[in-house]
Amino acid sequence: EVFPEAAGTGVANAIRRAVDEQRTVEIETWFEPWARWFYVKISPVAGGGYSSYFRDITESKRAAALLRAKEQELERIIELTPFLMTRSGRDLRFRFVSPAYAGMVGRSPGEVVGQRIVDVMGEEGFRTILPYIERVLAGETVRYDATVHFAGVGPRELFVVYTPDRDAGGE
């Protein structure tokens with residue numbers, strides 16, 4: 001073995017595959033002796049042998065695991081909240097809806113995301129909220145109370161907060 005300290009990590013197998021199949025092999029592997037994750041790229045060399053590239057990816061793996069944990073926590077909170085939450089783009093299509101919102105309109109979140117707001121709530125309700133949408137699209141945070149009619153559901157008394165998203169340039 002070329003890397004006996006890496007036994008069980010897959011590096012030896014990656015070397016064999018790269019040389020036998022004459023193709024570049026890339027893996028991510030844990031090196032126990034160093035307690036570190038590495039990205040490994042093994043490439044065959046003309047005439048036999050191989051070249052290897054190792055990059056320590058331990059910190060990025062840790063950051064990715066923390067991010068996944070936070071995302072799962074947020075998903076769980078959103079699943080359990082009774083609040084009607086949505087996120088829409090400038091194209092007035094839903095990018096996200098909470099399970100509570102989807103349930104209120106009688107659909108699953110997957111059936112609502114990607115749909116136009118007007119198609120989900122109906123013309124009457126959309127006309128009610130459009131002036132507020134125009135204000136948030138102009139960059140204003142908007143709060144209002146209103147009776148909003150939802151097609152197939154009927155009127156609902158809502159307290160609404162719209163907050164604009166801004167890109168890196170402030171738009």
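What comes next concerns the included structure. Numbering of residues starts from 1 in each chain and follows the order in which that chain's sequence is written. In keeping with the predicted nature of the model, local features appear solely for residues at pLDDT of at least 70, side-chain atom pairs appear and are counted solely at 80 or more, and the whole-chain, interface and lining totals rest on all residues. Calculation of side-chain values draws on the structure's entire complement of heavy atoms; hydrogens and water are dropped beforehand.

### Section: the overall build of the protein chain
Item 1. Helix and strand counts for the protein chain come out as six helices and seven strands.
Item 2. Helix numbering and strand numbering both begin at the N terminus, where a helix is a DSSP run of H or I of at least 4 residues and a strand a DSSP run of E of at least 2. When its helices and strands are written in sequence order, the protein chain yields α-β-β-β-α-β-β-α-α-α-α-β-β.
Item 3. For a compact globule of 171 residues, the expected C-alpha radius of gyration is about 16 Å, and the protein chain comes in at 26 Å, more than 25% above that figure.
Item 4. Taken along its principal axes, the extent of the C-alpha atoms in the protein chain is 75 × 30 × 30 Å.
Item 5. Relative accessibility under 20% of the residue-type maximum defines a buried residue, over 50% an exposed one, and the middle range a partly exposed one, all with a 1.4 Å probe and only protein chains included. A buried classification covers 28% of the 171 residues belonging to the protein chain.
Item 6. Long-range pairs, those at least 24 residues apart, make up 22% of the contacts in the protein chain between residues at least 6 apart in sequence.
Item 7. Working convention for charge: Lys and Arg count positive, Asp and Glu count negative, and His plus the chain ends are omitted. Note on charges: their place is set at NZ of Lys, CZ of Arg, CG of Asp or CD of Glu. Here the protein chain contributes 22 positive and 25 negative side-chain charges, whose respective centroids are spaced 1 Å apart. The quantity called the radius of gyration is restricted to C-alpha atoms. Its globule counterpart is 2.2 Å times the number of residues to the power 0.38. Only heavy atoms matter for contacts: two residues are in contact if any of them lie within 4.5 Å across the pair.

### Regarding the pattern of salt bridges
Item 1. Any Lys or Arg side-chain nitrogen found within 4 Å of a carboxyl oxygen on Asp or Glu counts as a salt bridge. Summed over all chains, the structure comprises ten salt bridges.
Item 2. In this structure, Glu 59 engages Arg 36 in a salt bridge whose closest nitrogen and oxygen atoms are separated by 4.0 Å. Here Arg 36 lies in strand β2 (residues 36-44) and Glu 59 lies in helix α2 (residues 58-80), a separation of 23 residues in the sequence.
Item 3. Glu 140 is the partner of Arg 135 in a salt bridge, and the nearest nitrogen-oxygen pair spans 2.6 Å.
Item 4. Take Arg 135: its relative accessible area is 35%, and that puts it in the partly exposed class.
Item 5. Relative accessible area serves as the criterion here: at 35%, Glu 140 is assigned to the partly exposed category.
Item 6. Bridged by salt links that share partners, the residues Arg 36, Asp 56, Glu 59 and Arg 62 form one connected network.

### Observations concerning the nonpolar core
Item 1. Only buried residues count toward a nonpolar core, which is a set of Ala, Val, Leu, Ile, Met, Phe, Trp, Tyr and Cys residues joined through side-chain atoms within 4.5 Å. Membership of the largest hydrophobic core comes to 23 residues, with the highest contact counts inside it found for Tyr 101, Val 112, Ile 129, Phe 150 and Tyr 162.
Item 2. Those elements that place two or more of their residues in this core are β5 (94-97), α3 (99-104), α5 (117-121), α6 (123-137), β6 (142-150) and β7 (154-162).
Item 3. Setting aside anything within four residues of it in sequence, one finds Val 112 in contact with Phe 94, Val 97, Tyr 101, Ala 102, Val 105, Arg 107 and Val 120.
Item 4. In terms of nonpolar packing, the next biggest core, distinct from the first, is built from ten residues, Ala 14, Ile 15, Val 25 and Phe 38 among them.

### Some details on unusual backbone geometry
Item 1. Non-glycine residue Gln 22 carries a positive phi angle of around 50°.
Item 2. Residue placement: Gln 22 occurs in the loop between α1 (11-21) and β1 (25-31).
Item 3. The backbone of Leu 92 shows a phi angle near 60°, a positive value even though the residue is not glycine.
Item 4. Its location among the elements puts Leu 92 in the loop between β4 (86-88) and β5.

### Section: α6
Item 1. Think of it this way: the bend at a residue is just the angle between two axes, each fitted to seven residues, one set ending at that residue and the other starting at it. When the local axis directions of α6 are compared, the greatest deviation, roughly 45°, occurs at Ile 129, which is followed within four positions by the proline Pro 131.
Item 2. If you check which residues of α6 are buried, you get Gly 125, Phe 126, Ile 129, Ile 133 and Val 136.
Item 3. Looking at the buried positions of α6, the neighbouring elements they touch are α5, β6 and β7.
Item 4. Directly beyond the C-terminal end of α6, a positive phi value near 105° is found at Gly 139.

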